[in-house]
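Listed below are the residues making up each chain.
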Amino acid sequence: MASTKSSMQTPKTTGTFVVPDYYRQFQCKGGECRDSCCVGWTVTIPVRDYFRIHGLEVDKQLRDRIDRAFRVLPNPTPDRYAELVHTYDNDCPIHLKNGACQLHAKKGEEALPTICRLYPRGIRMDYAWEASTANSCEKTLELLMLSPDPLTFETIKMTVPLPQDQVVPIETQEEYHRIRNHVWMLFQNRSMPLFQRVFRVYQWVSSLEEKNSFVEDDEFLSNTETKNVDLFFEIMPVFLRESMGRNPGLVPLGTAILDQLEEFCANDYLEMKEHLAEVVGDSDIWFEKFLMNNLFFRQFPFQEKNATFTEEALSLVGTYLLMRLIALVGMKNKQTTIDFVDIMSKVFGVIVHTRFERNIRLYLQHVEVDSPASLFALLAV
Ligand code: SF4
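Residues numbered from 1 in each chain as written. Predicted model: local features only at pLDDT ≥ 70, side-chain atom pairs only at ≥ 80, totals over all residues. Heavy atoms only, no water.

Talk me through the overall build of the protein chain; I want residue IDs and the actual numbers.
Helices and strands together make up the secondary structure of the protein chain, namely 16 helices and seven strands. Computed over its C-alpha atoms, the radius of gyration of the protein chain comes to 22 Å, within 12% of the 21 Å expected for a compact globule of 381 residues. Principal-axis analysis of the C-alpha atoms gives the protein chain an extent of 70 × 50 × 40 Å. Across the 381 residues that make up the protein chain, the buried fraction comes to 52%. Pairs at least 24 residues apart make up 79% of the contacts formed inside the protein chain by residues separated by at least 6 positions. (Helix = DSSP H or I, 4+ residues; strand = E, 2+ residues; numbered from the N terminus. Rg over C-alpha atoms; globule rule 2.2 N^0.38 Å. Buried < 20%, exposed > 50% of the residue type's maximum accessible area, 1.4 Å probe, protein only. Contact = heavy atoms within 4.5 Å.)

What follows is the structure, encoded as structure tokens:
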């Protein structure tokens, strides 16, 4: 019995983490949240959380909710043992209408499944000890939009309800820091428009593959007239439609955008650009901060074990292109920054929490829009 009891305890790790400048201010909005993460998300929990929560002493009403909330998976594993069973309106049975969590309210934060305690936080303890919050949470984007200043980082000491990850070799840790610091430098060079910076990061990260010294060629950057608006509005909506098929959560927003594009004409593009600027000001600033926070959160360009740097660089370009499409068309009939936050947090739900990065690069390769010239022409839109 003793060993079973200890293995059901939530592991804890204490240490110093590098965090973005907004991290200390992050607090869940609870009932104020417009798009709660307790609604509509596929959530699985590990075996230790499942038996720990079922072992809690709770009143009958909460017991009933817990018994309805979790179902053991057909092929359970220690890490993915049970799944959350949503109510008819796609909500968590333990989530109250006032936005609060009944388990949290009655038994405290420590009683929650680890995923609920942590989301939207991403805690990393392999290449480096880092923590940030996902752009799929509207609070993250709201905090990023509090200031136009470039994202900065600081260190904080904290205890997290997770075991330490497997540590990677020191040389790899050093390469990780060297590469990411250079990426941040390129990304925050506001003397260039953001699309050129994304292209510069794409070129530089891709060059890491060849291990040869990177030579900045401004051939593309100097030629800003190469934007290909028609190709952009030809291929990106197709990818959006495919993504909707894989991600039901994207359907309402995606459908609205595809409907808008039904009677799209080239003039609309300029109108959409102007309107986006009217509502959010210099969108390059918010895109830069959203993208950079996402790259930090995802551990770019080390996020996929089996992907090459060139592939990760192509996924970055794809991320920017989808953000651009969603913002330009999605904001067409919207008037507020709250609309902008809601639209962008929805698309980041797909970018961060699905195999989006793999799918977008396979798509760009499939439509043969993966050469530097064609990518630059799309980025310039
Ligand atoms: S999406 Fe963010 S703010 Fe909203 S309920 Fe979840 S953690 Fe809280």
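Now that the structure has been shown, the text picks up again.
Pulling in residues and values, what's your account of the sheet that holds strand β4 (residues 82-84)?
The sheet built from three strands is open, its strands ordered β2-β4-β3 with antiparallel pairing. On the outer flanks of this sheet lie β2 (44-45) and β3 (70-72), each paired with one strand and no other. Here β2 pairs with β4 via two bridges, running antiparallel. Paired with T44 across the strands is E83, a residue of β4. Along the sheet face, helix α2 (residues 47-54) touches β2, β3 and β4 and points at about 130° away from the line of β3. Where helix α3 (residues 60-69) meets the sheet, its contacts fall on β3 and β4, and the angle it forms with β3 comes to roughly 40°. (Pairing = 2+ DSSP bridges. Axes fitted to C-alpha atoms, helices over the stretch in contact; angles between N-to-C directions.)

An account of the domain arrangement of the protein chain is needed here, citing residue identities and associated values.
Taken domain by domain, the protein chain holds domain 1 (2-161) and domain 2 (170-379). Summarising the inter-unit geometry, the C-alpha centres of domain 1 and domain 2 are found 28 Å apart. Taken together, the contacts link 34 residues of domain 1 with 33 residues of domain 2. Summing both sides of the interface, domain 1 and domain 2 together bury roughly 2,800 Å²; the carbon and sulfur share of this comes to 62%. (Domains from an automatic or database assignment. Buried area = accessible area lost by both parts, 1.4 Å probe.)

Tell me about the site of the ligand, and name the residues and values.
Near the ligand you find C28, K29, C33, D35, S36, C37, P120 and C137, and these make up its full shell. Its residues assigned to classes, the shell around the ligand shows five nonpolar, one polar and two charged. (Near = heavy atom within 4 Å. Nonpolar A, V, L, I, M, F, W, Y, C, P; charged D, E, K, R; others polar.)

Now, about the pattern of salt bridges: what can you tell me, with residues and values included?
Using the criterion set out here, one finds 22 salt bridges in the structure. Here E138 ties to K29 by a salt bridge, and the two come within 2.7 Å at their closest N and O atoms. Residue E138 is found in helix α6 (residues 138-144), and its partner K29 is found in the loop between β1 (13-20) and β2; the two are separated by 109 residues along the sequence. K29 sits in the buried class, given a relative accessible area of 18%. (Salt bridge = Lys/Arg side-chain N within 4 Å of Asp/Glu carboxyl O.)

Can you tell me about the nonpolar core, naming the residues and giving the values?
Core analysis: the largest hydrophobic core is formed by 93 residues, its most contacted members being F187, F233, F290, F340 and M344. When residues in this core are grouped by element, the largest group, 14 residues, is from helix α13 (residues 309-330). Looking at this core, you find at least three residues from each of domain 1 (2-161) and domain 2 (170-379). Contact partners of F233, with chain neighbours within four places excluded, come to L261, F264, Y269, M272, L325, L328, V329 and V381. (Core = buried A, V, L, I, M, F, W, Y, C linked by side-chain atoms within 4.5 Å.)

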